[in-house]
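# Examination of the molecular architecture
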Amino acid sequence: MAIGGLISNRNFGSFIGSGNGFQNERGTLYQRLGINGTKSNALCRSHKSRKISPLQAGLQHELGHRRGFQCFLPPTMDSRFRFRNNIKVNRFRAHYKSEESDITEGVVDSLPSADGSAEAVLVEGNLQNASPWWQQFPRRWVIVLLCFASFLLCNMDRVNMSIAILPMSQEYSWNSATVGLIQSSFFWGYLLTQILGGIWADKFGGKVVLGFGVVWWSIATIMTPIAAKLGLPFLLVVRAFMGIGEGVAMPAMNNMLSKWIPVSERSRSLALVYSGMYLGSVTGLAFSPMLIHKFGWPSVFYSFGSLGSIWFLLWLKYAYSSPKDDPELSEEEKKVILGGSKPREPVTVIPWKLILSKPPVWALIISHFCHNWGTFILLTWMPTYYNQAWSSASLYFPMVEYSYRQVKRLLSIVLKFNLTESGLLCVLPWFTMAVFANIGGWIADTLVSRGLSITAIMQSIGFLGPAFFLTQLSRVKTPAMAVLCMACSQGSDAFSQSGLYSNHQDIGPRYAGVLLGLSNTAGVLAGVFGTAATGYILQRGSWDDVFKVAVALYLIGTLVWNLFATGEKVLD
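Residues numbered from 1 in each chain as written. Predicted model: local features only at pLDDT ≥ 70, side-chain atom pairs only at ≥ 80, totals over all residues. Heavy atoms only, no water.

### Examining the overall build of the protein
If you tally the helices and strands in the protein, you get 21 helices and 4 strands. Burial status across the protein gives 53% buried among its 572 residues. Restricting the contact set of the protein to residue pairs at least 6 apart, pairs at least 24 apart contribute 78%. (Helix = DSSP H or I, 4+ residues; strand = E, 2+ residues; numbered from the N terminus. Buried < 20%, exposed > 50% of the residue type's maximum accessible area, 1.4 Å probe, protein only. Contact = heavy atoms within 4.5 Å.)

### A look at helix α5 (residues 139–172)
The end-to-end C-alpha distance of α5, which contains 34 residues, comes to 48 Å, matching closely the 50 Å that a straight helix rising 1.5 Å per residue would cover. The largest bend along α5 reaches roughly 45° and is located at I165, with the proline P167 sitting one to four residues downstream. Most of α5 sits inside the fold, with 26 of its 34 residues counted as buried. (Expected span 1.5 Å × (residues − 1). Bend = angle between axes of the 7 residues up to and from the residue.)

### A look at the nonpolar core
Membership of the largest hydrophobic core comes to 113 residues, with the highest contact counts inside it found for M168, Y274 and I355. Looking at which element gives the most residues to this core, the answer is α5, with 15 residues. Those residues in contact with Y274 that sit more than four places away from it in its chain are F151, M250, M253, Q497, Y501 and L516. Counting residues in each nonpolar core, the second largest holds 5 residues, with A444, L447, I454 and M458 among its members. (Core = buried A, V, L, I, M, F, W, Y, C linked by side-chain atoms within 4.5 Å.)

### A word on the packing of helix α17 (residues 455–472) against helix α18 (residues 479–493)
Where α17 contacts α18, the axes come no closer than 7 Å and their chain directions differ by 170°. Our classification of the angle between α17 and α18 gives roughly antiparallel. Contacts from I461, G462, G465, P466, F469, L470 and Q472 of α17 reach α18 at C485, C488, S489, S492 and D493. (Axes fitted to C-alpha atoms, helices over the stretch in contact; angles between N-to-C directions. Parallel < 35°, antiparallel > 145°, perpendicular 65-115°, else oblique.)

### Structural notes on the side chain of T221
Among the secondary structure elements, T221 is positioned in helix α7 (residues 206–230). A residue is classified by how much of its surface remains accessible, and T221, at 0% relative accessible area, is buried. For T221, the contacting residues outside a window of four places in its chain are D157, N160, M242, F301 and G305.

### With respect to unusual backbone geometry
Phi is positive for S173, close to 60°, though the residue is something other than glycine. Mapping S173 onto the fold places it in the loop between α5 and α6 (176–204). On the accessibility criterion, S173 (64% relative accessible area) is exposed.

### A look at the pattern of salt bridges
According to the stated counting rule, one finds 8 salt bridges in the structure shown. With its nearest N and O atoms 3.6 Å apart, the salt bridge here joins R139 to E328. Here R139 is found in helix α5, whereas its partner E328 is found in the loop between α11 (298–318) and α12 (331–338), with 189 residues between them in sequence. Overall, E328 belongs to the exposed group, its relative accessible area being 60%. Across the pair R140 and E333 runs a salt bridge whose closest N-O atoms are separated by 3.1 Å. In this pair, R140 sits in helix α5 while E333 sits in helix α12, placing the two residues 193 residues apart along the sequence. E333 gets classed as buried once you look at its relative accessible area, which sits at 10%. (Salt bridge = Lys/Arg side-chain N within 4 Å of Asp/Glu carboxyl O.)

### Examining the packing of aromatic side chains
Under the counting rule described, the total for this entry stands at 15 aromatic pairs. Seen in terms of ring centroids, F186 and Y190 are 5.3 Å apart; in terms of plane orientation they differ by 25°. Their pairing is stacked. In this pair, F186 and Y190 both sit in helix α6, 4 residues apart, roughly one turn of the helix. Ring pairs connect the aromatic residues Y172, W174, W297 and F301, which therefore count as one cluster. Positioned above the aromatic ring of Y320, the side-chain terminus of K207 is 5.0 Å from the ring centre. (Phe/Tyr/Trp six-rings, centres within 6.5 Å; stacked < 30°, edge-to-face > 60°. Lys NZ or Arg CZ within 6 Å of the ring centre and 35° of its normal.)

### A look at the side chain of R140
Residue classification places R140 among the buried positions, given a relative accessible area of 11%. Sequence-distant contacts of R140, that is, excluding residues within four places in its chain, are made with W260, I261, P262, E265, E333, V336 and I337.

### Digging into helix α10 (residues 266–295)
Between its first and last C-alpha atoms α10 spans 42 Å; for 30 residues at 1.5 Å apiece the expected length is 44 Å, and the two agree. Along its length, α10 shows its largest kink, about 25°, at F287, and proline P289 lies within four residues downstream of that point. The positive-phi residue at the C-terminal boundary of α10 is G296, with phi of around 95°.

### Details of a nonpolar patch on the surface
On the surface, a nonpolar cluster with roughly 570 Å² of combined accessible area is contributed by I219, M223, I226, L230, F234 and Y302. With 4 residues, the top contributor of residues to the nonpolar patch is α7. Structurally, I219 is set in helix α7. (Patch = residues over 30% accessible without salt bridge, like charges linked within 9 Å, V, L, I, M, F, W, Y side chains within 5 Å. Areas by Shrake-Rupley, 256 points an atom, 1.4 Å probe, with all protein chains shown as cover.)

### Brief notes about the state of the cysteines
In protein chemistry, a disulfide is the covalent bond that joins the sulfur atoms of two cysteines. In the structure shown here, the tally under the stated rule is 0 disulfides. With no disulfide of its own, C485 has C488 as its nearest cysteine by sulfur position, at a separation of 6.6 Å. C488 gets classed as partly exposed once you look at its relative accessible area, which sits at 29%. (Disulfide = S-S within 2.5 Å.)

### Some thoughts on the packing of α6 against helix α9 (residues 249–260)
Following both chains from N to C, one finds α6 and α9 inclined at 25°, their axes separated by 7 Å at the closest point. Judged by the inter-axis angle, α6 sits roughly parallel to α9. Every pair of crossing elements has a handedness; the one defined by α6 and α9 is right-handed. Between α6 and α9, the residues in contact are Y190, Q194, G197, G198, A201 and D202 and M250, P251, A252 and N255, respectively. Here the contact of α6 with α9 is composed, by residue class, of 5 nonpolar, 4 polar and 1 charged. (Left-handed = near helix turned anticlockwise from the far one by under 90°. Nonpolar A, V, L, I, M, F, W, Y, C, P; charged D, E, K, R; others polar.)

### Topic: the environment of G305
Its location among the elements puts G305 in helix α11. The class of G305 is buried, set by a relative accessible area of 2%. Spatially, the C-alpha atoms of G305 and L153 are 8.4 Å apart, while their sequence positions differ by 152 residues. Those residues in contact with G305 that sit more than four places away from it in its chain are D157, S218, T221 and I222.

### Regarding the confidence of the model for the protein
Across the protein, the average pLDDT comes to 74, with 67% of residues at or above 70. This stretch, residues 37–55, has a pLDDT under 50; its non-local contacts, to residues over four places away or in other chains, come to 51 contacts. With pLDDT under 50 throughout, residues 61–128 is counted as low confidence; its partners more than four residues away or in other chains account for 156 contacts. (pLDDT = per-residue confidence, 0-100.)

### Some thoughts on the environment of M486
Examined against the element boundaries, M486 turns out to sit in helix α18. What makes M486 buried here is its relative accessible area of 2%. Distance from M486 to F469, taken between C-alpha atoms, is 7.2 Å for residues 17 residues apart in sequence.

Below is the structure:
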């Protein structure tokens, strides 16, 4: 049976074969049905809700009653829809709306029946709920998941050098100074494109810039073993090139989410994307040693770098810089995203004087510096802290980054843990940050939905939480408590994703990329200077002095943030 009526071709053929009789009867039908070129709803009462074209409605329904084979449109029926032109076949119970605005024209086609006759089938029309679930998944969250995947790849490609540098240094006879130079060369390019990435994203769209960044750093990752074989200068250039690609990732992502994500979902979406970075570190630390052991250190760069091509194909197919560019975005979701406002045109001129004259912008820059000082110290000097604070030998290793094997060996010897436990400790801060970033995002969006401001609350937790737990490190008596304090410090630090890192979109959504580029430049400089300053302090003081500096900057950041930061738009 088919929607549109069971119309026998034999009966209908005998009817139209009557020549003039058909013309007269057709005229009578048109008069009775009121068909004059407009859409009609002339069906019996039980079928009033079914809408097809005027000629179908009149001929099928009237002929059904007059020729004696009953009405073509029973009230409800399980029907088979045949969709032509590459549209899928689906079986379901049909229900149609009755509003006049939803009337659509159908097209009747023949479908062979069981007895060999042909039946009329509605093959085109306004069919509700016909698309599979993956096509009904919100388009804005497709963008979020793709950004999450790009950040996952970002940190996977970044941490692989920290692991591969050990067999590389043995093969090429690099000393510790050369290793440090190679590790730092990444930041040469990374610093260069922070602000430029924001400007490009605001002008040309986040899709172009983030896609460029992933392809660029993926190629640089694949080229790393080749450059290493050619010589140290080539390797330094390739690592700087990789930093150029990764430097545009955060500004471009921020630009896209500022256009795609409504305020009520902003914190959780940003938390999910940034947790991709933390999980990328976990993934890189987990799989790189196995790849090196089985296939050699070049396999890490080839395998991780090739994943970027898969991501890029998905990015080209599903990503758009703004909702207005997506032809498949539904009107309902567009209303949710835009909230009644019209999408803005891409930025052509950056009003630098206006941006730098706003106190909330400077609150972002200063707070980002204060935040990253403590964060980089915890992430880069943590193994050294474990060694110096808990080892009887009290050795000093002035290294910025440690390989996975070195960390496992260090922790297993110094903290008296087995290798499994030390491996867990190596990634524990990253796991903690990923979990608490998403928890903080959901809390923040819940508060926003209830009309509460989260600007001060979330970032205050992100500053005061780490400050508190760092002060407790001088009082702990066991390595396990030290690890717990570190994990809690990083967990509370992750609340900054719903405070500092979402504020760029609050105060200037049109310039979100530029704002993040500005503040993250300060954050990267804090990491560079903070790492160097920590080594200088340890040569003349103790770990308590290092933590006191970090705590002081956390307190300064808290003060500046609560005095000058705002969640209101200040740049239009």
